Amino acid sequence: MSILLLILGLVLFVCLVLVHEFGHFIMARRGNVEVEEFGIGFPPRAWGKNLKSGLLLSINWLPLGGFVKLKGENDADKSPSSFGAAPLRTKVKIMLAGVVMNLLAAFALLTLLAFVGMPRLIENQFTVARDTHVTKQEVLIAYVEADSPAQKAGLAIQDQLIRIGQDQNVTTANDLPALTQKQAGQTVDVVYKRDGKIRYATVTLRSKQEVEASKKTDSPKGYLGISPTEYVVQRSTWSAPIVAVGFMKQVTVLTFKGIGNALAGLFQGNTAKAGAQVAGPVGIFVLLKDGSLLGYQFILMIIAVISLTLAIMNALPIPALDGGRLFVTLLFRAAHRPLKKKTEDIIHGTGFAALMLLFVVITVVDVRRFL
């Protein structure tokens, strides 16, 4: 089942690109601007097919998103049916269409999730209290200490803890310290779930003396040697659209904080700090792989957050992205100066090169972090 969910996640991730680029495509067609190519990923090209309409469909090797190539993309181009010859209003619609499509996709997914069950990802996640109830609450292992009783017993990250000792059920993460302290030094049975199957392990917990002594060192230890986390799913009914909007606002604020931390890391020359704030294709794959173990709701949540993040990033005035192209166009219009092809190519070409460099840095950080 987890493999099917992983495949579903990857397919939906590709669909986010399709949705974004379809926004550009449909708005260009409505604005009488000729679309020459609809591409998934960035060149070099891996596959392509020319349709009868003259549109080229392509799949490209760099998995960084996608693109719609319009006729005469430079603002200075004035040939018929070109982007450059289109009215400013049409250009704005075309450049913002991808952002709008990703926002709509995120809203639709989050509304659906709020109705069927939305995972709680952040502290104080937005809800309408009188219309929200918890449908699932599991205690999972988030970290296993090296050479700990838990590791020796074979417990692993993402195992769901069910019971520690006789009749000592684990219902919340806050239960764990009291349960393990109460049975300190004893050999107990741990009941847990992995890959949907109930399993059993026999664990000898650390003694109180060992734990207390470790607190005086640089590496304090616990009785079991794990850090727990909770996986909570909460459901709403009539307030589902409101919950979706509230959560989108929270994620937007957190995204801007993450961007700020990433920029601070870059200015300090700390690429690891900068890369830790974001994830590339490797990080997204690992996130989907791990999330597939938690069920379809978590996968949909990841996709919705990615869709919202794509909308935010493409709305920012970053050269080579939608927001950057719009910003440059409007800036030159406001200054009443013509935007020459050479100038536009230099601005967005430099921006694209910077994005490629950032992609390489993020990929290296992801490989070191996850593989």
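The structure we're discussing is the one just above.
First things first, this report covers the structure right here in the doc. (Residues numbered from 1 in each chain as written. Predicted model: local features only at pLDDT ≥ 70, side-chain atom pairs only at ≥ 80, totals over all residues. Heavy atoms only, no water.)

### Some details on the sheet that holds strand β6 (residues 187–194)
Sheet strands pair via backbone hydrogen bonds, and the direction of the pair is either parallel or antiparallel. If you walk across this open sheet you meet the six strands as β3-β8-β4-β5-β6-β7, and the pairing is antiparallel. Every interior strand has two partners, whereas the edge strands, β3 (118–119) and β7 (197–204), have only one. Inspection of the sheet shows β6 paired to β7 by eight bridges, in the antiparallel sense. Residue pairing across strands places Tyr192 opposite Arg199, the latter belonging to β7. (Pairing = 2+ DSSP bridges. Helix = DSSP H or I, 4+ residues; strand = E, 2+ residues; numbered from the N terminus.)

### Describing the pattern of salt bridges
Oppositely charged side chains are able to pair whenever their charged atoms sit close together. Within this structure, the stated rule accounts for nine salt bridges. Through salt bridges that share partners, Asp75, Lys91 and Arg333 make up one connected network. (Salt bridge = Lys/Arg side-chain N within 4 Å of Asp/Glu carboxyl O.)

### A word on the nonpolar core
Core analysis: the largest hydrophobic core is formed by 33 residues, its most contacted members being Leu110, Met118 and Leu288. Residue contributions to this core peak at ten residues, all from helix α9 (residues 296–315). In this structure, Met118 is in contact with Leu110, Leu113, Gln125, Val232, Val233, Gln234, Val243 and Met301, ignoring residues within four places of it in sequence. Membership of the second largest hydrophobic core comes to 18 residues, among which are Leu155, Val188, Val203 and Leu205. (Core = buried A, V, L, I, M, F, W, Y, C linked by side-chain atoms within 4.5 Å. Buried < 20%, exposed > 50% of the residue type's maximum accessible area, 1.4 Å probe, protein only. Contact = heavy atoms within 4.5 Å.)

### Examining the side chain of Asp159
Structurally, Asp159 can be placed in the loop between α3 (149–152) and β5 (160–164). In this structure Asp159 comes out as buried when scored by relative accessible area, which is 1%. Here Arg194 takes part through its side chain, which lies 2.7 Å from a polar atom of the side chain of Asp159. With near-sequence residues (within four places) excluded, Asp159 lies in contact with Val139, Leu140, Ile141, Gly154, Tyr192, Lys193 and Arg194. (Polar contact = N/O pair within 3.5 Å; in protein donor to acceptor, adjacent residues only side chain to side chain.)

### Points about the packing of helix α1 (residues 2–30) against α9
Between α1 and α9, whose axes approach to 10 Å, the crossing angle comes to 25 degrees. As judged from the angle between their axes, α1 and α9 are roughly parallel. In this structure, α1 meets α9 at a crossing whose hand is right-handed. Packed against α1, whose contacting residues are Leu5, Gly9, Leu12, Phe13, Leu16 and His20, the element α9 presents Tyr296, Ile299, Leu300, Ile303, Ile306, Ser307, Leu310 and Asn314 at the interface. When the residues that make up the contact of α1 with α9 are grouped by side-chain class, the tally is ten nonpolar, four polar and no charged. (Axes fitted to C-alpha atoms, helices over the stretch in contact; angles between N-to-C directions. Parallel < 35°, antiparallel > 145°, perpendicular 65-115°, else oblique. Left-handed = near helix turned anticlockwise from the far one by under 90°. Nonpolar A, V, L, I, M, F, W, Y, C, P; charged D, E, K, R; others polar.)

### What to know about a nonpolar patch on the surface
The grouping of Ile3, Leu4, Ile7 and Val11 at the surface amounts to a nonpolar patch, some 400 Å² of accessible area in total. Here Ile3 shows up in helix α1. (Patch = residues over 30% accessible without salt bridge, like charges linked within 9 Å, V, L, I, M, F, W, Y side chains within 5 Å. Areas by Shrake-Rupley, 256 points an atom, 1.4 Å probe, with all protein chains shown as cover.)

### Brief notes about helix α2 (residues 88–116)
Along its 29 residues, α2 runs 42 Å from first to last C-alpha, staying within 8% of the 42 Å computed at 1.5 Å per residue. The largest bend in α2 is about 40 degrees, located at Leu96. Following α2 by one or two positions, Gly117 adopts a phi angle in the positive range, close to 135 degrees. (Expected span 1.5 Å × (residues − 1). Bend = angle between axes of the 7 residues up to and from the residue.)

Function-wise, these values are silent; they only describe arrangement.
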